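Coordinate inspection notes
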Amino acid sequence: MNRVPSMTYDEKALASQQKQAAKQPPSRRRFLVSAAATVGLPWLESLAGRNKAKAATASPQRLICWHTPNGIYRQNWFPAPVAGPNYTFSSSLMPLAPLKKKLLVFSGMQNNDASVVFGSHCLGPAGMLTCVLGTKPDIKVGISVDQVYAQSLGSATRFPQGLQLGITSDMYSDIGNPAIYNGCISWASPTQPLQPVIQSGVTFDQIFMGADPTASSADQMRRKAISSSVLDHVTNEAKSLQGRLGTTDKQKLDEYLTGVRSLETKIQTMPALSCTPGAVTKPADTGLDWPTHTSVSIDLMVLALQCDATRSISFMLGNGGDKSARSFPWLGISGDHHGLAHAQNGPALSTIDQWHVSQLTLFCQKLDAIDEGGSTMLDNSVVFMSSEIGSGIAHDQINKSVLVLGSAGGKITTGQHLIVQDQPQANLFVALLNALQVPVTTFGTAGKKPLDGILV
Amino acid sequence: MKAEFFLRIPLVSLAFLLGIGAGCKGSIGDPGMPVGSPNGSGTGTGTGTGTGTGTGTGTGTTTGAVAAEPGRVTVRRLNQTEYNNTVHDLLGTNSQPASVFISDSQANGFDNNGDFLSLSPTRLEQYQTAAEALVTEALAAPLRAQNLTCDPATGDSCVRTFLTTMGTRAYRRPMTDAEIADYLTLAGQVRTLGGSPDEVIGAVLKALLMSSNFIFRPELDPDPTSLKPHLLAPYEMASRLSYLVYSSMPDDALFAAAKAGQLATVKDVQTQLQRMLTDPKSRLSQSYAEQWLGVRAIETAQPDPKLYPAFSPALATSMKREVDLYFDEFVRQNLPPEQLLTASFTYVDTSLATYYGVPPVAGTGFSRVMLTTPQRGGLLGMGALLLATSRGNRTSPVARGRWVLDALMCAPPPPPPATVMLPSEDVITATSSRVFLAMHRQNTVCAACHSTMDPIGLALENYDAIGSWRDTDHGMPIDASGMLPDGTQFNGRAGLETTLAKDPRLRNCLSKSLLTYGLGRAVRPDVDAAYVDAVAKGTGAGPVGMRDLLMGVVASDAFRMRRGEP
């Protein structure tokens, strides 16, 4: 079962992965540039036909990670303790019933690396995808699973660091932890948070801007070249400034230089537009209510994946704790999530849990409706959902809510309920990364092997 | 039954909890309480440039025996507010491009802490996108005339003119010859690529706006690895002052003062501050006070519309504006900060006047009013604070008490043990807060902190979750009386405010908070205590006013000096 070579995640592995990713998919991009004017979206049947052999065996794999706040109400979340495919859906998971065959439900998963017994709504989000305990007051966590995958792909897509989406910019600090932990699950490095973009219009532009359809190709070439010159200029200047700074300031300039390099890469490799928004129009940047903001985000994520703008996305359906005074009028619930969790209001919490699951279901069904030449986009993806803590009252990291959908192209044994008594979530990430063809053997603090029982 | 759901704590944690309990001793309103003694009467700089206590002499008297340790300030990236204000002042735009940037995270209560202002590739891309849009806007009518004073067709001579004007302002200092030469090289490259004269100037402006010298505010040390303190360079000081007060780039007077070398002494710096605080460009209330008081995000609060139909985001905006204008008056009039809690004036617009039940005001804007109703007065009667400390469906006396201890006294109680079991929302909302919170007293672990927090919050129970006045809660008349563990008694908001205003921790806390904001770094509990004390003590004669505190901040060695980092 464990067919991956024994390798730790390192530079060498990264380089070879990047090479592989750059080769795949081969010339689709060039084709799409010319077809962009008339074609709505990639992966239409006509396109798949052009690329049939590759599409059937080598559809891009994607990783999408969802965060929901405040843990879950366990009594209505976990299926009865029957392992395997013949389990019965719990009420909170009921919306996922139509996707049962493509779903992995976990019981007993722990992520104790991320937090201590007295958990926190800050350490939890920071540790959810990193499986590392954050330090304070200085920021230091670990690299997150979505970023390991994104980095393994290199510049195969327009977003070498993937996309990060969120619903709220509210962040708070607890127990002296940096507030950034509260509002960020994606970490490019232990010290570099990748905060989610909240404004849906900005995400839309991230995906679709970069080309002026009215400009001639000569004009476009010239503009690209000028942009590159500007970036070269600011790079040289920043390097000269960096040489005159102290240690910490130098690191800040490193962040800047990494960003400039990423912009350079984008200019060099960016296709004019590999797809068009189709029926999706640019959403407003502000004023969206919570459920609308969520559904708009879902549409944007699907679109970004369809356009192959990125293969790695993280989505925060609320920040850690979500302590805002926000109630849930569309669910008929008054009171805020954090308060309800502390009060263990079972009916209300279960309703919220079920709503979160229904949104995940909606997203996955959209992916499942996209045919990629015999398999669906969901089949070729890994969708992971969890919360920053286990239970919203205990703030623990044991028996967490963990769902996985999709099989990374048939590499994961879905359709079962796995009871993994006290297995570290980091081992699940080793397995998921292996399924995504990233040959790691360790992850986070405690991940030492792929989790048993899920790799085909 | 009542107590059993309240605490389910593993035995192992008991010692931990008792330890926390010890951390909650202390009292409010005890004027005899020590606040820490300043380390000498000043913090001598070792370079003979000022006393550090704001006497305005700047003559080189060093009164303290301790060498200055200004601490290390990490290079600061422009945050969203600063970016919007800076491009407005630089280019004349009102487009506020940073409003859609990834939000800046707060650390130590503020969003201007260099250590925590990270720069991810996505954020840098947002700076790039903004720069491109700004170039287009700045070089088109109507802004073109003010931004471009030469004809781009004249080539390098116009680029050079542009750099000496726009470049100086963007870098907040004159550019060096080498920097100008590099920009001319860039201009030449763009020309070679076939760029039009406008594209050449556009590329230069885009590079300025994406430059690390623009996006960051670098401050340089003669030796970046040396711990030896030194005064900031004049232009660096101009930026520290302008970002402190304006949240933006220096104005013409600051540029002129920097050029003339008139920012070297305490007196120089204080003269500028005095001027700036009355300038309409001052953003101190929005950038500082709103964060200090935790009211910046109240528009996004979503109290249950069924329970609180009177609430609207527009009303929350008015509430926040009230806090801004109130704080501004304290700065402008140099009123004692203790009076923040007890003043009998405020600012209202039509909607707030109706909301507070005070006589209507004329016009559409805000008017200064004297409060005659006993229901309002001081910070704690303001809708913004009361809303910010409430839940979506009820008040939280605990949150309000905690807020007072944290924001006003800098003495936040430790968080509750994570396993504390609250009763269900039905139980909480089934009875009045006072009846419900009595449970805290039945448990010594809870009582350690809640015996201070709860009475403070209960004194504000006449204000519901959106700050509306109420006389009853669950049909029972509200009892807003309280007593702290040390025996101090008070009744209602006014009584609480009078008690808090006497607490010497208030001014110290405000001083610490102003220093944190002004320095853009965490205030270290040990090393920086002397700076905090010196600011809180003021300059000597007469009562210490809000402006005096700010004068103390800019006079401190921590503000005027820096050092490197090995």
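Worth saying up front: this structure is predicted, and the values here are computed from it rather than measured. (Residues numbered from 1 in each chain as written. Chains lettered and ligands numbered in written order. Predicted model: local features only at pLDDT ≥ 70, side-chain atom pairs only at ≥ 80, totals over all residues. Heavy atoms only, no water.)

1. Here's the deal with the overall build of chain B
As a reminder of what qualifies: Under the scheme used here, helices are H or I runs from DSSP no shorter than 4 residues and strands are E runs no shorter than 2 residues, and both carry numbers assigned from the N terminus. For each residue, the accessible area found with a 1.4 Å probe, counting protein chains only, is set against the maximum for its type, and the residue is called buried under 20%, exposed over 50%, and partly exposed in between. The contact criterion used throughout is that any non-hydrogen atoms of two residues lie within 4.5 Å. Surface accessibility in these figures is a Shrake-Rupley result with a 1.4 Å probe; residues are shielded only by whichever protein chains are displayed.
Looking only at helices and strands, chain B features 24 helices and ten strands. For chain B, buried positions account for 59% of its 566 residues. Across chain B, contacts joining residues at least 24 apart in sequence account for 71% of those joining residues at least 6 apart. When the accessible surface of chain B is totalled, it reaches about 21,200 Å², and 58% of it is carbon and sulfur.

2. Some points on the interface of chain A and chain B
Definition in use: Here the quantity called buried area is the accessible surface, traced with a 1.4 Å probe, that two parts lose on coming together, added over both. Each reported salt bridge corresponds to a side-chain nitrogen of Lys or Arg within 4 Å of a carboxyl oxygen of Asp or Glu. Here a polar contact is recorded for every N or O atom pair within 3.5 Å, except that within protein the pair must consist of a potential hydrogen donor and a potential acceptor, and residues adjacent in sequence are included only if both atoms are side-chain atoms.
Taken together, the contact pairs 67 residues of chain A with 77 residues of chain B. The contact between chain A and chain B buries some 5,900 Å² in all, and 60% of this surface belongs to carbon and sulfur atoms. One can count one salt bridge joining chain A with chain B. The closest approach of N and O atoms between Glu199(B) and Arg222(A), which form a salt bridge, is 2.9 Å. Counting the contacts that link chain A with chain B gives 20 residue pairs in polar contact (both at pLDDT 80 or more). Breaking the side of chain A that touches chain B down by element, the ones donating at least two residues are strand S5 (192–194), helix H7 (200–208), helix H8 (217–242), helix H9 (247–269) and helix H11 (337–342) of chain A.

3. Brief notes about unusual backbone geometry
Residues Lys136(A) and Pro137(A) are joined by a peptide bond in cis, for which omega reads 0°. Following Ala141(B), the chain continues into Pro142(B) via a peptide bond in cis, with omega recorded as 5°. Examined against the element boundaries, Pro142(B) turns out to sit in the loop between helix H3 (121–138) and helix H4 (144–147). The phi angle at His395(A) is positive, at roughly 55°, despite the residue not being glycine.

4. Focus: the confidence of the model for chain A
Which entries qualify depends on this criterion: Residue-level confidence of the predictor is what pLDDT reports, using numbers from 0 through 100.
In this model, chain A carries a mean pLDDT of 83, and residues with pLDDT of at least 70 account for 82%. Across chain A, element-level confidence peaks in strand S8 (residues 402–405) of chain A with a mean pLDDT of 98 and bottoms out in helix H3 (residues 45–50) of chain A with 27.

5. Section: the pairing of strand S1 (residues 62–68) of chain A
All names here are of chain A. This is how it is decided: Pairing between two strands is assigned when DSSP locates at least 2 bridges connecting them.
Summarising burial for S1: seven of the seven residues are buried, a large majority. What you see with S1 is no split at all: Arg62, Ile64, Trp66 and Thr68 on one side and Leu63, Cys65 and His67 on the other are buried throughout. For S1 and strand S7 (residues 381–387), the ladder comprises seven bridges, and the chain directions are parallel. Following the sheet pairing, Cys65 is matched in S7 by Phe384. Note: S1 against strand S6 (residues 312–316), five bridges, orientation parallel. Considered in S6, the bridge of Cys65 is made with Ser314.

6. Some remarks on the pattern of salt bridges
Residue and element names in this part refer to chain B. Evaluation of the coordinates by the stated rule reveals 40 salt bridges over all chains. Where Lys320 meets Glu290, a salt bridge forms, and the shortest distance between an N and an O atom there is 3.8 Å. Of the two residues, Lys320 sits in helix H13 (residues 313–332) while Glu290 sits in helix H12 (residues 284–292), which places them 30 residues apart along the sequence. The same class applies to Lys320 as to Glu290, namely buried. Taken together, the shared-partner salt bridges connect Glu69, Arg521, Arg524, Asp528 and Arg563 into one network.

7. Considering the environment of His342(A)
All names here are of chain A. Tracing the backbone shows His342 in helix H11. For the pair His342 and Ile393, spaced 51 residues apart in sequence, the C-alpha separation works out to 4.8 Å. A polar contact of 3.4 Å, which involves the side chain of His342, links it to the side chain of His395.

8. Remarks on the packing of aromatic side chains
All names here are of chain A. What counts here: Ring pairs are drawn from Phe, Tyr and Trp, using the six-membered ring of Trp, whenever the two centres fall within 6.5 Å, and their geometry is named by plane angle: stacked under 30 degrees, edge-to-face over 60, tilted for the rest.
Enumeration according to the criterion identifies 26 aromatic pairs over all chains in this entry. With 4.9 Å between their ring centres and 80° between their planes, Trp66 and Phe315 make a pair best called edge-to-face. In this pair, Trp66 is assigned in strand S1 and Phe315 in strand S6, connecting sequence segments 249 residues apart. This pair shows no difference in class: Trp66 is buried, exactly as Phe315 is.

9. Digging into the side chain of Lys400(A)
Residue and element names in this part refer to chain A. Where we set the bar: In summary, the charge assignment counts Lys and Arg as positive and Asp and Glu as negative, without counting His or the chain termini.
Mapped onto the elements of the fold, Lys400 is located in the loop between S7 and S8. Buried charged residue Lys400 carries no salt bridge. Nearest counter-charge: Glu388, at 7.5 Å. When residues no more than four places from it in sequence are discounted, the contact partners of Lys400 are Phe78, Phe106, Met109, Asn111, Ser386, Ser387, Glu388, Ile389, Gly390 and Gln425.

10. Describing H12(B)
Residue and element names in this part refer to chain B. For H12, a buried count of eight out of nine residues is recorded, marking the element as mostly surrounded by other parts of the structure. All of the buried residues in H12 are Leu284, Ser285, Ser287, Tyr288, Ala289, Glu290, Gln291 and Trp292. Phi turns positive one or two residues past the end of H12, at Gly294, with a value near 70°.

11. Regarding the sheet that holds S1(A)
All names here are of chain A. Under the convention used in this document: Structural elements are reduced to axes, namely lines fitted to C-alpha atoms, with helices fitted over the stretch in contact, and the angle between N-to-C directions of any two is expressed from 0 to 180 degrees.
Taken in spatial order, the seven strands of this open sheet run S3-S6-S1-S7-S8-S2-S9, and their pairing is mixed. Single-partner strands in this sheet number two, and they are strand S3 (163–166) and strand S9 (416–419). Between one strand and the next, the sheet's axes are offset by a mean angle of 15°, whatever the strand orientation. Contacts from helix H12 (residues 346–368) reach S1, S7 and S8 within the one sheet, and its direction differs from that of S7 by about 175°.

12. A few points about helix H7 (residues 197–210) of chain B
Given 3.6 residues per helical turn, the α-helix brings residues three or four places apart onto the same face. Residues and elements named next belong to chain B. Test applied: An expected span of 1.5 Å times one less than the residue number is assigned to each helix.
Compared with the 20 Å implied by 1.5 Å per residue over 14 residues, the 20 Å span of H7 between its first and last C-alpha is a close match. Among the 14 residues that make up H7, eleven are buried, leaving the element largely enclosed by the rest of the structure. Residues of H7 that are buried: Val200, Ile201, Gly202, Ala203, Val204, Leu205, Lys206, Ala207, Leu208, Leu209 and Met210.

13. Points about the packing of helix H2 (residues 80–91) of chain B against H3(B)
All names here are of chain B. Rules: Put simply, angles under 35 degrees are roughly parallel, angles over 145 are roughly antiparallel, angles from 65 to 115 are roughly perpendicular, and the rest are oblique. We call a crossing left-handed when the near helix sits turned anticlockwise from the far one by less than a right angle, and right-handed when that turn is clockwise. Classification used: nonpolar for Ala, Val, Leu, Ile, Met, Phe, Trp, Tyr, Cys and Pro, charged for Asp, Glu, Lys and Arg, polar for all others including Gly.
It is at 12 Å that the axes of H2 and H3 come closest, and there the two elements cross at 25°. By the angle between their directions, the pair H2 and H3 is classed as roughly parallel. The handedness of the crossing between H2 and H3 is right-handed. Residue-level contacts link Tyr83, Val87 and Leu91 of H2 to Tyr127, Ala130, Ala131, Leu134 and Ala138 of H3. The residue inventory of the contact of H2 with H3, partitioned by class, reads eight nonpolar, no polar and no charged.

14. Considerations on the packing of helix H9 (residues 234–245) of chain B against helix H10 (residues 252–259) of chain B
Residues and elements named next belong to chain B. Interaxial distance between H9 and H10 falls to 8 Å at its minimum, and their mutual angle equals 155°. With respect to their mutual orientation, H9 and H10 come out roughly antiparallel. Crossing angle aside, the handedness with which H9 passes H10 is right-handed. The segment H9 lies against H10, with Pro234, Tyr235, Ala238, Leu241 and Ser242 engaging Leu254, Phe255, Ala258 and Lys259.

15. Let's talk about the side chain of Gln242(A)
All names here are of chain A. In this fold, Gln242 is placed in helix H8. Of the residues examined, Gln242 reaches a relative accessible area of 13% and is grouped as buried. Within polar-contact distance, the side chain of Gln242 engages the side chain of Asp254 at 2.9 Å.

16. Topic: the state of the cysteines
All names here are of chain A. Here is the rule: The definition used for a disulfide is geometric: two cysteine sulfur atoms within 2.5 Å.
Tallied over the full model, the rule gives two disulfides over all chains. The thiol of Cys65 is not disulfide-bonded; the next cysteine sulfur, from Cys131, is found 10 Å away. Given the relative accessible area of 1%, Cys65 is considered buried. Cys122 provides the cysteine sulfur closest to Cys184, a residue in no disulfide bond, and the two sulfurs are 12 Å apart.

17. Side note on the pairing of strand S4 (residues 345–348) of chain B
Residues and elements named next belong to chain B. Neither face of S4 is exposed, since Phe345 and Tyr347 on one face and Thr346 and Val348 on the opposite face are all buried. Bridge analysis of S4 against strand S5 (residues 367–370) gives four bridges, and the strand direction is antiparallel. Counterpart to Thr346 in the pairing with S5 is Val369.

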